[in-house]
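# Geometric and topological summary
Chain by chain, the residues run as shown.
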Amino acid sequence: MTAPSEVDGTTADLGDFVDRARTWLEANAPAKGAPGDFTTGRDAAFVEGCRRWQRRLFEAGWAGIGWPTEFGGRGESALFDLAFKRLQGRFGVSSAAFDVGIGMVGPTIMVHGTPEQKQRHLPRILNCEEVWCQGFSEPGAGSDLASLRTRAEAVGDHFVVNGQKVWTSFAHYADWCMLLVRTDPHAPKHRGVSFLLVDMKSPGVTVKPLRQMTGEADFNEMFFDNVQVPRANLLGGVNEGWRVAMTTLTNERGAGGTAAGARFFAAFLAIVELCRRTGRRGQPVLQDPLVRQQLGNFYVDLRELRCTGYRVAAMLRDGTAAGPVSSIVKLTWSELNQRMQNFVMELQGPGSQLMADSRYAVDNGRWQFDFLRSRANTIEAGTSEVQRGIIAERLLGLPRAR
Ligand SMILES: Cc1cc2nc3c(=O)[nH]c(=O)nc-3n(C[C@H](O)[C@H](O)[C@H](O)COP(=O)(O)OP(=O)(O)OC[C@H]3O[C@@H](n4cnc5c(N)ncnc54)[C@H](O)[C@@H]3O)c2cc1C
């Protein structure tokens, strides 16, 4: 089996862009296994690796490909952005610690921010001076986000925030948080919500990392105890936060979700390589017809994911709301990655139980980490059940579930 090509240009311009990007990445991407590689976990070294990589992209003009030039980006369409991310995925590098800032906060501030907010935040997001986190979910508000209870009361020229958030990725490294708060407890639940930009160094903010079954802690609980947030940090109007949050979530499930497919194509290639190296009865398991069939199925699913990803990117380019189509992308990448990681565990047989602390673990336990981490894929950024509900109602026109 030869390694298939991941990005083919579909137009002359895109093809030329991809050629230039590939040449640059070949010359500049750090070696696999260096900090910033997805396989090295999500600790402080990972964040610094992401920062180094993102800064290199920024300095060479490859950061913010889809951002307008007035905000320091390349001003290209979502198709180019996706093509670059897919290609980058092949090089094993990552800017994941900056995905929330560049992929979600930046585009939200561009649409809803005041000139002062744009000037203050956008340059520092793009040059990766500041890490952002997303303070949306709460213990009683995940899929039903509008049930959130963290309160903000207007007092003079500040809001005073009290409450708790949970599952906040990278909060322990973040400089800023986009925070959804309830400003009118009497209004219908979608209407009484506001969107604040919160400095994580504000007195009263406490971040407690949550350890996951991978052994790492890359998300957190966040507690707000009489935290003062200047009114100037309100994004959109008071009680207009739901509309603002929809811009953020559209970007998370749209552009962000399509890029996720690129990572899993890289994972697939690594699995093919593993099958080449793994022997059974004197020959590589890659020769086994059942293994080849399984790999073929993954490849077909990945190509479908790629096509749907480009469909979403084309919709974004044309200014069409990709909403329910991006649910297909989310559902597909998350379930496909779980299937691929299950397959790798089966491939390793009893050896699949050896974690990184065993010197006999294959590839230093990288696959065990990926397998355990993949369990979260069908929860983060909206669960599979919720995505199926959206597809059923909004694409298939089925009646609303009760
Ligand atoms: C790795 C990871 C990182 C995360 N990072 C962040 C972050 O940075 N910021 C942030 O704000 N949040 C983050 N989250 C939280 C994530 O958005 C929520 O976990 C997710 O939205 C689900 O909410 P919940 O956990 O409260 O589950 P619940 O909403 O309580 O759901 C429980 C179960 O009920 C099902 N269910 C709920 N509603 C429906 C429905 N209408 N129809 C059918 N089934 C339903 C769900 O599918 C699920 O199986 C992260 C989560 C994970 C796993």
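What follows is about the pattern of salt bridges. One pass over the full model with this rule turns up 20 salt bridges. With its nearest N and O atoms 3.3 Å apart, the salt bridge here joins Arg 51 to Glu 48. Of this pair, Arg 51 and Glu 48 are both found in helix H2 (residues 44-59), three residues apart, which corresponds to roughly one turn of the helix. The buried category is assigned to Arg 51, whose relative accessible area is 17%. Under the relative-accessibility criterion, Glu 48 is labelled partly exposed at 36%. Taking the shortest distance from any N to any O, the salt bridge between Asp 370 and Arg 366 comes out at 3.0 Å. With Asp 370 and Arg 366 both in helix H9 (residues 366-374) and four residues apart, the pair spans about one turn of that helix. By relative accessible area, Asp 370 is classed as buried at 15%.

Right, let's talk about the packing of aromatic side chains for a bit. Overall, the coordinates contain 15 aromatic pairs when judged by the stated rule. Measuring from ring centre to ring centre gives 6.4 Å for Phe 46 and Phe 170, while their planes differ by 5°; the resulting arrangement is stacked. With Phe 46 in helix H2 and Phe 170 in the loop between strand S3 (158-166) and strand S4 (176-182), this pair connects stretches of sequence that are 124 residues apart. As far as burial versus exposure is concerned, Phe 46 and Phe 170 are alike and both buried. Between Phe 265 and Phe 268 the ring centres are 6.1 Å apart and the planes differ by 50°, which places this aromatic pair in the tilted class. Highlighted residues: Phe 265 and Phe 268, both in helix H6 (residues 241-277), separated by three residues, approximately one helical turn. Taken together, the ring pairs connect Phe 17, Trp 24, Trp 53, Trp 62, Phe 80 and Phe 84 into an aromatic cluster. Directly above the aromatic system of Trp 62 lies the positively charged group of Arg 74, at a separation of 4.2 Å from the ring centroid. Seen from the ring of Trp 367, Arg 366 lies directly overhead, with NZ or CZ sitting 4.2 Å from the centre.

The full set close to the ligand counts 16 residues, and Gln 134, Ser 143, Trp 167, Thr 383 and Glu 385 are the nearest of them. In this structure, Thr 383 approaches the ligand through a side-chain N or O atom, which is 2.7 Å from an oxygen atom. If the ligand stood free it would expose 980 Å²; the protein chains cover 64% of that surface.

Here the focus is helix H3 (residues 78-89). Along its twelve residues, H3 runs 16 Å from first to last C-alpha, staying within 8% of the 16 Å computed at 1.5 Å per residue. Of all the twelve residues making up H3, eleven are buried; the element is thus mostly covered by neighbouring parts of the structure.

Right, let's get into H6. The terminal C-alpha atoms of H6, which comprises 37 residues, lie 52 Å apart, in line with the 54 Å expected from a rise of 1.5 Å per residue. Maximal helix bending in H6 amounts to about 40°, located at Gly 257. In terms of burial, H6 is largely enclosed, as 26 of its 37 residues are buried.

Our focus in this paragraph is the environment of Pro 324. Within the secondary structure, Pro 324 sits in helix H8 (residues 323-348). In this structure Pro 324 comes out as buried when scored by relative accessible area, which is 13%. Residues Pro 324 and Trp 167, 157 residues apart in the sequence, show an inter-C-alpha distance of 24 Å. Sequence-distant contacts of Pro 324, defined by excluding residues within four places in its chain, comprise Ile 390, Ile 391, Arg 394 and Leu 395.

All right, on to the nonpolar core then. In terms of nonpolar packing, the biggest core is built from 78 residues, with Val 161, Phe 195 and Leu 196 touching the most fellow members. At seven residues, the largest contribution of residues to this core is made by H3. Setting aside its immediate chain neighbours within four residues, Val 161 contacts Thr 150, Arg 151, Ala 152, Leu 179, Val 181, Leu 196, Phe 224, Asp 225, Asn 226, Val 227 and Val 229. One finds Phe 264, Phe 265, Leu 269 and Leu 274 within the second-largest nonpolar core, a separate group that totals 30 residues.

Its location among the elements puts Val 229 in strand S7 (residues 219-230). Separated by 68 residues in sequence, Val 229 and Val 161 have C-alpha atoms that sit 7.4 Å apart. Contact partners of Val 229, with chain neighbours within four places excluded, come to Asp 157, His 158, Phe 159, Val 161, Leu 196, Leu 197 and Val 198.

With respect to the element layout, Gly 279 can be found in strand S9 (residues 279-280). Sequence spacing of Gly 279 and Arg 124 is 155 residues, and the spatial spacing of their C-alpha atoms is 49 Å.

Looking now at the confidence of the model for the chain. For the chain, the mean per-residue pLDDT works out to 90, and 94% of the residues sit at or above 70. The model gives residues 34-38 a pLDDT under 50, and that stretch makes 19 contacts with residues more than four places away or in other chains.

A few words on the state of the cysteines. Applying the stated criterion to the full structure yields zero disulfides. Here Cys 128 stays unpaired: no disulfide links it, and the sulfur of Cys 50, its closest cysteine neighbor, is 9.6 Å away.

Take the packing of H3 against H6 next. One way to put it is that H3 packs onto H6 with a least axis distance of 8 Å and a crossing angle of 25°. Judged by the inter-axis angle, H3 sits roughly parallel to H6. The handedness of the crossing between H3 and H6 is right-handed. Residues Leu 82, Lys 85, Arg 86 and Gly 89 of H3 form the contact with H6, whose own contacting residues are Thr 258, Ala 259, Ala 262 and Ala 266. Its residues assigned to classes, the contact of H3 with H6 comprises four nonpolar, two polar and two charged.

Definitions and limits used
- Residues numbered from 1 in each chain as written.
- Predicted model: local features only at pLDDT ≥ 70, side-chain atom pairs only at ≥ 80, totals over all residues.
- Heavy atoms only, no water.
- Salt bridge = Lys/Arg side-chain N within 4 Å of Asp/Glu carboxyl O.
- Helix = DSSP H or I, 4+ residues; strand = E, 2+ residues; numbered from the N terminus.
- Buried < 20%, exposed > 50% of the residue type's maximum accessible area, 1.4 Å probe, protein only.
- Phe/Tyr/Trp six-rings, centres within 6.5 Å; stacked < 30°, edge-to-face > 60°.
- Lys NZ or Arg CZ within 6 Å of the ring centre and 35° of its normal.
- Near = heavy atom within 4 Å.
- Polar contact = N/O pair within 3.5 Å; in protein donor to acceptor, adjacent residues only side chain to side chain.
- Areas by Shrake-Rupley, 256 points an atom, 1.4 Å probe, with all protein chains shown as cover.
- Expected span 1.5 Å × (residues − 1).
- Bend = angle between axes of the 7 residues up to and from the residue.
- Contact = heavy atoms within 4.5 Å.
- Core = buried A, V, L, I, M, F, W, Y, C linked by side-chain atoms within 4.5 Å.
- pLDDT = per-residue confidence, 0-100.
- Disulfide = S-S within 2.5 Å.
- Axes fitted to C-alpha atoms, helices over the stretch in contact; angles between N-to-C directions.
- Parallel < 35°, antiparallel > 145°, perpendicular 65-115°, else oblique.
- Left-handed = near helix turned anticlockwise from the far one by under 90°.
- Nonpolar A, V, L, I, M, F, W, Y, C, P; charged D, E, K, R; others polar.

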